[in-house]
Amino acid sequence: MKKIYLILPLFSASILFSQKRDSATLISEVRIDTYKKPTAFINSTKSVSVISENLLNQNTPERMLESINQIAGARMEERSPGSYRISLRGSTLRSPFGIRNVKVYLDDFILSDASGNTYFNVISPELIDRMEIYKGPESGDYGAVTGGTVLLKTKSSENLSANLSVGSYGTFNQSVDFSKQIGKHFFEVFQNYYQTDSYRDQSKVQRKQIFVKYNFQYSEKGLLKAMLMYSDLDYQTPGGLTLEQMNFNRKQARPNTATVPGAQEQNAGIRNKMVLAGISNEYQFTPNFSHFLLVQGSYVDFENPFITNFENRFEKNFALRTHFNYEKNWDKVSLAYRLGFEGGMNDILIKNYDNNKGFEGNPQNFDQLKNSSGFYFLSQKLNFNEKLFTDVSISLNSNSYDWERLFPRAENGNIHFKNQWLPNFGLTYLLGKGFSARGKIGKGNSAPTNEEIRSSTQEFNQNLSPEYGWNKEIGIRKQFGNFLFVEGSYFDFRMKDGIVRRQNDAGQEFFVNSGETVQKGFEVLLESKNFNLKNDFFSNFKFRFSGSFYDFKFKNYQQNDNNFSGNDLTGVPKTTINSLLNFTFFKKLNVDYSHFYTSKMPLNDANTVWSEPSLIGNIQFRYPVDFEKMRVNLYLQIQNLYNEDYVLGFDINAFGNRYYNPAAKRNFVLGMKVDF
């Protein structure tokens, strides 16, 4: 079977190139938002990838993994269902779970908190209509991260749809989405319920979500937007296994030992209730001058019964973003300035108790942690003759926190990290129609998040420093006629004081600075248009290939008596290759056939333990049935088509060699989406 799916792309490509061009919009003419700085993709100076409807259709109901992993340089991992993390060019080095060192926006609003932590798993994939992924430090408009930035977009057009699906391991998913334009008012209401028993023991998931959006065009010059989201996520955590335990029984949760109870006995899991609300306003004072203002707040009720303790966290967040914009266009020159500020405050009360088989026991530690961060930014776009495009920005970033131990003793302290000036320079030159070359250099800085300052050891790590570094990058984008798009980029990122996750013998994580890293890589994308093959049997075809080829090394990394300098960066594969083939048969039956190849990767800083390489195939069938006033889209997704044994998310630097979180064997989702 493997020979068949490796040869198939070559056979299909030979069919493609014999076809006539279609009249669809060129890939190079896709426009990106860049947080209210729209530009044509071919002209952008940034290392950006767009996830549109074709890629979003690949997702299963609970996650965005299938679409994100089709992007060169982006990697979404699933340690267990409900527990996800996103790596942009190796940024998961410091993330046992959740999203760190990657800034995430939802429409106008900010999903990341003031410390840099993001609860990405509260978002239903069906809510998202489009994604833009920016790889590497952007610094100017987006502030202090070294990994990258993700923009999530919800629907902006009228829609009424309902989705219902069932699948392996007791999976059930239901959602309703309604959006409507009424005069100057635009509404969207989205509701989702998802549950699954999952593949492993102690890995059930349940998520409930409601999202409401309201846009009001109150004048020709003004647009008001408001958003309210409530998410209730409850998932169990089975824990990591040793290689021997995984080979004996892939489905088992972390077993107990002579001194430590197991994951099932302690009912280990995460219960996360989150409310996020915000309002924004855009006003165009003159054709050249405008202003944007955003105010938002959120509340998080977080419970984590773990092997060694039961943690409650109560988080209050506030954020503000504002900027003035000036644009001027002449005959052959266009100029744009943006001057603004974004800042936030994060106030967390943390209570740890003994975990008595999933219930609170005696108190261990009660702490208060307050984080404040913000950045002023100035950016300029200057374009000449629609051929030379420049983007220059600089931001001044600050980050500080206050901590206080409330129980069992009283103590407190505060840390103010040194303010950082972070410049970013980019230019693109259009060599011809659909052909551009670009260059970019920028500095990034990422302070420790709240969960790294006070990790599950329940100690305050006041010696942990921000990581920072310079990224240099070049790239080309080329459209061949009206049928093929190719993009290639090379980057060289030098990071200092990189934050690395470690575990103690109880399975609790803590974080250390790792000296320096040298991260060099090449990323490539090859994508075709959707070809009309002009026959009733094999009607349409489209393909997409992407790949990442990395050489990431530690430099000057000494831990006690161990010198890890020259070792490969932990948890980062050297090579990933992804493909997606879209077929249409009988002008109605759509078949999506995807593959994800991941090379071996080191699982500890010493490089003494490595993962096995994996090649995973998925397939999806979609068939529309039309009625007078609605369309029923039937679909069948088969994940892990070849029934491989593999791991979708490793616990790096795990104590006791518990690196492995086995992924599900072959499984399916069967459902229907009704568009009214």
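As the structure is a computational prediction, the values presented were derived from the model and not from experiment. For every chain, the first residue of its written sequence is number 1, and the numbers climb from 1 along that sequence. Note on the predicted model: pLDDT of at least 70 is required for a residue's local features to be given, and 80 or more for side-chain atom pairs to be given and counted; whole-chain, interface and lining totals, by contrast, use all residues. The basis for the side-chain values is all heavy atoms of the structure; hydrogens and waters are excluded.

### What to know about the overall build of the protein
Helix and strand assignments come from DSSP, with helices taken as H or I runs of at least 4 residues and strands as E runs of at least 2, each series counted from the N terminus. Scanning the protein for helices and strands turns up five helices and 39 strands. Throughout this description, buried means an accessible area under 20% of the type-specific maximum (1.4 Å probe, protein chains only), exposed means over 50%, and partly exposed covers the range between. Counting the 676 residues in the protein, one finds 61% classified as buried. Partitioning the intrachain contacts of the protein with sequence separation of at least 6 by distance along the chain shows that 65% fall at a separation of at least 24. The Shrake-Rupley method, run with a 1.4 Å probe, gives the accessible areas here. Residue values count only the displayed protein chains as cover. Total accessible area computed for the protein in this model is approximately 27200 Å², and 57% of it derives from carbon and sulfur atoms. Counted as positive: Lys and Arg. Counted as negative: Asp and Glu. His and the chain ends are not counted at all. To locate a charge, the coordinates of NZ of Lys, CZ of Arg, CG of Asp or CD of Glu are taken. Counting 78 positive and 69 negative side-chain charges, the protein places the averaged centre of each group 5 Å from the other. We call two residues in contact whenever any of their non-hydrogen atoms come within 4.5 Å of each other.

### Quick look at the pattern of salt bridges
One side-chain nitrogen of Lys or Arg within 4 Å of one carboxyl oxygen of Asp or Glu is enough to make a salt bridge. Applying the stated rule across the entire model yields 47 salt bridges. One salt bridge connects E138 with K46, and the closest N-O pair in it is separated by 3.0 Å. You can see E138 sitting in the loop between β10 (130–135) and β11 (148–153) and its partner K46 sitting in the loop between β2 (39–40) and β3 (48–51), a full 92 residues away along the chain. Residue classification places E138 among the buried positions, given a relative accessible area of 2%. For the salt bridge of D645 with R250, the shortest nitrogen-to-oxygen distance reads 3.6 Å. One end of the pair, D645, is in the loop between β38 (631–639) and β39 (667–675); the other, R250, is in the loop between α4 (243–248) and β17 (269–284), and 395 residues separate them in sequence.

### Considering the nonpolar core
Proteins that are soluble and globular tend to have nonpolar side chains buried together. The biggest cluster of nonpolar side chains holds 65 residues, and the ones touching the most others in it are I68, F120, I123, M131, L152 and M229. If sequence neighbours within four positions are ignored, I123 has contacts with M64, L106, L111, I128, R207, Q209 and M229. Core analysis: the next-biggest nonpolar cluster, separate from the first, contains 15 residues, F531, L581, I638 and L641 among them. Residues belong to a common nonpolar core when they are buried Ala, Val, Leu, Ile, Met, Phe, Trp, Tyr or Cys residues joined through side-chain atoms within 4.5 Å.

### As for unusual backbone geometry
Here F407 and P408 are connected by a cis peptide whose omega angle stands at 10°. Within the secondary structure, P408 sits in the loop between β22 (388–407) and β23 (411–416).

### Some details on the sheet that holds strand β7 (residues 102–106)
Paired strands, in this sense, are two strands between which DSSP finds at least two bridges. With mixed pairing, the five strands of this open sheet are ordered in space as β3-β10-β11-β7-β8. In the strand order of this sheet, the two ends are held by β3 and β8 (109–110), each with one partner. Note: β10 against β11, six bridges, orientation antiparallel. Within β11, the residue paired with M131 across the bridge is L152.

### What to know about the side chain of Q70
Checked against the element boundaries, Q70 lands in the loop between α3 (65–68) and β4 (74–80). Dropping the residues within four chain positions of it, Q70 is found in contact with L55, R544, S546, N578, S579, L580, S594, H595 and F596.

### Things to note about the environment of S565
Mapped onto the elements of the fold, S565 is located in the loop between β34 (562–563) and β35 (575–585). Judged by its relative accessible area of 32%, S565 falls in the partly exposed class. Separated by 242 residues in sequence, S565 and H323 place their C-alpha atoms 43 Å apart. Every residue in contact with S565, bar those within four places of it in the chain, is listed here: F554, K555, N556 and Y557. The definition of a polar contact used here is a pair of N or O atoms within 3.5 Å, where within protein one atom must be able to donate a hydrogen and the other to accept one, and adjacent residues in sequence count solely through side-chain atom pairs. Among the polar contacts listed, one links the side chain of S565 to the backbone nitrogen of Y557, at a separation of 3.0 Å. Polar side-chain contacts of S565 include one of 2.8 Å to the side chain of N563.

### Re the packing of aromatic side chains
To pair, rings of Phe, Tyr and Trp, with the six-membered ring standing in for Trp, must have centres within 6.5 Å; the planes then decide the type, stacked if under 30 degrees apart, edge-to-face if over 60, and tilted in the middle. Under the defined criterion, the tally for this structure stands at 36 aromatic pairs. Here F289 and F324 contribute two aromatic rings whose centre-to-centre distance is 5.9 Å and whose plane-to-plane angle is 5°, an arrangement assigned as stacked. In this pair, F289 is assigned in strand β18 (residues 289–305) and F324 in strand β19 (residues 310–329), connecting sequence segments 35 residues apart. Through successive ring pairs, a cluster of aromatic residues spans F537, F538, F541, F543, F545, F583, F585 and F586. Comment: the charge-over-ring label is applied if NZ (Lys) or CZ (Arg) is within 6 Å of the ring centre and within 35 degrees of the ring normal. Between K351 and the ring centre of F366, over which it is positioned, the NZ or CZ distance is 5.4 Å. K600 extends its terminal NZ or CZ atom over the ring of W610, reaching a point 4.9 Å from the ring centre.

### Description of the confidence of the model for the protein
Residue-level confidence of the predictor is what pLDDT reports, using numbers from 0 through 100. On average, the protein scores 90 in pLDDT, and the residues at 70 or more come to 95%. Note on residues 1–24: pLDDT under 50 across the span, and 33 contacts to partners over four residues away in sequence or across chains.

### Notes on the side chain of N192
Following the sequence through the fold, N192 ends up in strand β14 (residues 185–196). In this structure the side chain of N192 is engaged in a polar contact, spanning 3.0 Å, whose partner is the backbone oxygen of Q174. Of the polar contacts made by the side chain of N192, one reaches the side chain of R207; its length is 3.4 Å. Beyond its immediate chain neighbours, meaning those up to four positions away, N192 contacts S124, E126, N173, Q174, S175, R207, K208 and Q209.

### Regarding the pairing of strand β12 (residues 159–167)
Only one face of β12 is covered, namely the face carrying N159, S161, N163, S165 and G167; the face carrying L160, A162, L164 and V166 is uncovered. Summarising the sheet, β12 and strand β13 (residues 171–182) pair through nine bridges and their orientation is antiparallel. Each bridged residue has a counterpart across the sheet, and for N163 the counterpart in β13 is S175.

### Notes on a nonpolar patch on the surface
Like-charged residues within 9 Å of one another, or nonpolar side chains (Val, Leu, Ile, Met, Phe, Trp, Tyr) within 5 Å, are grouped into patches, provided each residue has over 30% relative accessible area and no salt bridge. On the surface, a nonpolar cluster with roughly 1000 Å² of combined accessible area is contributed by L160, F178, V189, I210, V212, L228, Y230, V275, Y299, F627, M630 and F676. Those elements that place two or more of their residues in the nonpolar patch are β15 (205–216) and β16 (222–236). Residue position: I210 is located in strand β15.

### Let's talk about the environment of I476
Counting through the fold element by element, I476 comes out in strand β26 (residues 467–480). Sequence separation between I476 and S546 is 70 residues; the distance between their C-alpha atoms is 15 Å. Setting aside residues no more than four positions away along its own chain, I476 makes contact with S436, A437, V486, E487 and G488.

### Thoughts on the pairing of β35
Along β35, nine of the 11 residues are buried, which leaves the element largely enclosed by surrounding structure. As defined by bridge partners, strand β32 (residues 538–555) adjoins β35 across 11 bridges and the pair is classed as antiparallel. Its bridge partner being in β35, F538 is matched across the sheet by F585. Note: β35 against strand β36 (residues 589–598), 10 bridges, orientation antiparallel. Bridging from a neighbouring strand, N578 pairs with F596 of β36. Once β35 ends, the chain turns through three residues before running back antiparallel as β36, passing F586 with a positive phi of about 55°.

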